[in-house]
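Observations on chain architecture
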Amino acid sequence: MNWLTNFVRPKVRGVFGPKKEMPDNLWEKCPGCSAMLFKRELEDNLNVCRHCGYHLKLGPLRRLETLFDDGKYKQIEVPKVIPDPLRFRDQRRYADRLRDAQSKTGRADAIVVAEGTMGGQKVVAAVFDFAFMGGSMGMAVGEGIVTAARRAVANKASLIVLPASGGARMQEGALSLMQMPRTIIAANEVKTAGLPYIVVLTDPNTGGVTASFAMTGDIHIAEKGAQIGFAGARVIESTIRETLPPGFQRSEYLLEHGMVDIVVERKQLRDTIIRILKLLRKEKIGRLAITGPVPHGARSARRI
Ligand SMILES: [Zn+2]
């Protein structure tokens, strides 16, 4: 409300022409090398930086598209849960936080469940959405894992879970912690049915998710550079009063220490999963042939 803003600035603008509107969502800064990456190029490269290979987060729908044959899959509806069961409030009401996350992401909660085929093999996949309250696991996410596991058993499909989560959803208190044993039991149902259960650890995975179903897979694949741990590195450092080694809690470090089986680049993920599924299912056929009765003249069936 002074003469500078009301009178001089419009005159100056008039001289230089109208201010150009530059959409700020065309570029993204790489957290690995700070290069400015053109969004469309980045998306074509599965959100991997072409300069340094840093794996940025990938949305759940795009993730499913990159995994399933021809990018085709069918979403499975997850039964609704009671929203905000404790009527929790910190600085803000949990109900408001939930509503915000829902309108931001366009989904009911932090998990998407889908089914389709990978290399012609039946697969049910559950993918976390980190953009939804840090992929935190409350009742809805627990329900998603249970739904995915039961669907896999019913359809004799393999189960693949791709968590990206900060852990349990604190706003749901003990109810969120109850999802830890609940999801482990669900994963065990898949194992009991003799079906493969594969976990793909994407960046990041901490807290109650790492401490439950995410560490009970038949095979643990980790995406390159993903942070995987229970407590945060800073908390550990201040507790033990020691400097942690470089690369601590990253996929490669966990591979060296036997916590994950394979570290893959995102581009190789689909092929790696298909290869493992083929091996696991072939192995099962082979083992059955060895332990079961061999009919006369079917000697070739013994071969794995
Ligand atoms: Zn980079």
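Criteria and thresholds
- Residues numbered from 1 in each chain as written.
- Predicted model: local features only at pLDDT ≥ 70, side-chain atom pairs only at ≥ 80, totals over all residues.
- Heavy atoms only, no water.
- Donors = N, O, S within 2.8 Å, 3.2 Å for Na, K, Ca; no water.
- Tetrahedral: all angles 85-135°; square planar, octahedral: opposite > 155°, others 65-115°.
- Buried < 20%, exposed > 50% of the residue type's maximum accessible area, 1.4 Å probe, protein only.
- Pairing = 2+ DSSP bridges.
- Helix = DSSP H or I, 4+ residues; strand = E, 2+ residues; numbered from the N terminus.
- Axes fitted to C-alpha atoms, helices over the stretch in contact; angles between N-to-C directions.
- Phe/Tyr/Trp six-rings, centres within 6.5 Å; stacked < 30°, edge-to-face > 60°.
- Lys NZ or Arg CZ within 6 Å of the ring centre and 35° of its normal.
- pLDDT = per-residue confidence, 0-100.
- Contact = heavy atoms within 4.5 Å.
- Parallel < 35°, antiparallel > 145°, perpendicular 65-115°, else oblique.
- Nonpolar A, V, L, I, M, F, W, Y, C, P; charged D, E, K, R; others polar.
- Polar contact = N/O pair within 3.5 Å; in protein donor to acceptor, adjacent residues only side chain to side chain.
- 1 Å grid on protein atoms, 1.4 Å probe; cavity = no way out; pocket = protein on both sides within 12 Å on 5 of 7 lines; lining within 4 Å.
- Points joined across faces, edges and corners; volume = space filled by probe spheres on them.

1. Thoughts on the coordination of the zinc ion
For the zinc ion, every protein donor is listed as Cys-30 (SG), Cys-33 (SG), Cys-49 (SG) and Cys-52 (SG), and the spread of their distances is 2.3 Å. Of note is the zinc ion, whose 4 donor atoms meet at the metal with angles of 107 to 111° in an arrangement that counts as tetrahedral. As a motif over one chain, the donors of the zinc ion read C-x2-C-x15-C-x2-C. You can call Cys-30 buried: its relative accessible area is 1%. Residue classification places Cys-33 among the partly exposed positions, given a relative accessible area of 33%.

2. A look at the sheet that holds strand β8 (residues 219-223)
The strand order across the open sheet built from 7 strands is β3-β4-β5-β6-β7-β8-β9, with neighbouring strands paired in mixed fashion. Edge positions in the sheet fall to β3 (74-76) and β9 (262-264), since each of these pairs with one other strand and no more. Neighbouring strand axes in the sheet, compared pairwise and without regard to direction, differ in orientation by 25° on average. In the sheet, strand β5 (residues 121-128) pairs with strand β6 (residues 158-162) via 5 bridges, with the strands oriented parallel. Opposite Ala-125, over in β6, you have Ile-160 as the bridge partner.

3. Quick look at the packing of aromatic side chains
For the coordinates displayed, the defined rule picks out 4 aromatic pairs. On the numbers, 5.5 Å between centres and 70° between planes, the contact of Phe-248 with Tyr-253 is edge-to-face. The cationic tip of Lys-57 hangs over the ring face of Phe-130; the distance from NZ or CZ to the ring centre is 5.0 Å.

4. Side note on the confidence of the model for the chain
For the chain, the average pLDDT comes to 90, and 85% of its residues sit at 70 or higher. A low-confidence stretch, residues 289-304 (pLDDT under 50), is modelled with 7 contacts involving residues beyond four sequence positions or located in other chains.

5. What about the packing of helix α5 (residues 139-154) against helix α7 (residues 179-192)?
Packing of α5 against α7 leaves a shortest axis separation of 8 Å and a crossing angle of 10°. Regarding the angle of α5 to α7, the classification is roughly parallel. Where α5 abuts α7, its residues Met-139, Gly-142, Glu-143, Ile-145, Val-146, Ala-149, Arg-150 and Val-153 lie against Gln-179, Arg-182, Thr-183, Ala-186, Glu-189 and Val-190. Of the residues belonging to the contact of α5 with α7, the class tally is 7 nonpolar, 3 polar and 4 charged.

6. Remarks on the environment of Glu-252
Within the fold, Glu-252 resides in helix α10 (residues 251-256). Placed 28 residues apart in sequence, Glu-252 and Lys-224 show a C-alpha to C-alpha distance of 7.2 Å. Leaving out residues up to four positions away in the same chain, Glu-252 has contacts with Lys-224, Gly-225 and Val-263. Here the side chain of Glu-252 touches Gly-225 through a polar contact of 3.0 Å, landing on its backbone nitrogen.

7. A few points about empty space enclosed by the protein
Counted under the stated rule, the structure contains 1 cavity of 30 Å³ or more. In this model, the largest cavity occupies a volume close to 40 Å³. Class assignment for the residues of the lining of the largest cavity results in 5 nonpolar, 1 polar and 2 charged.

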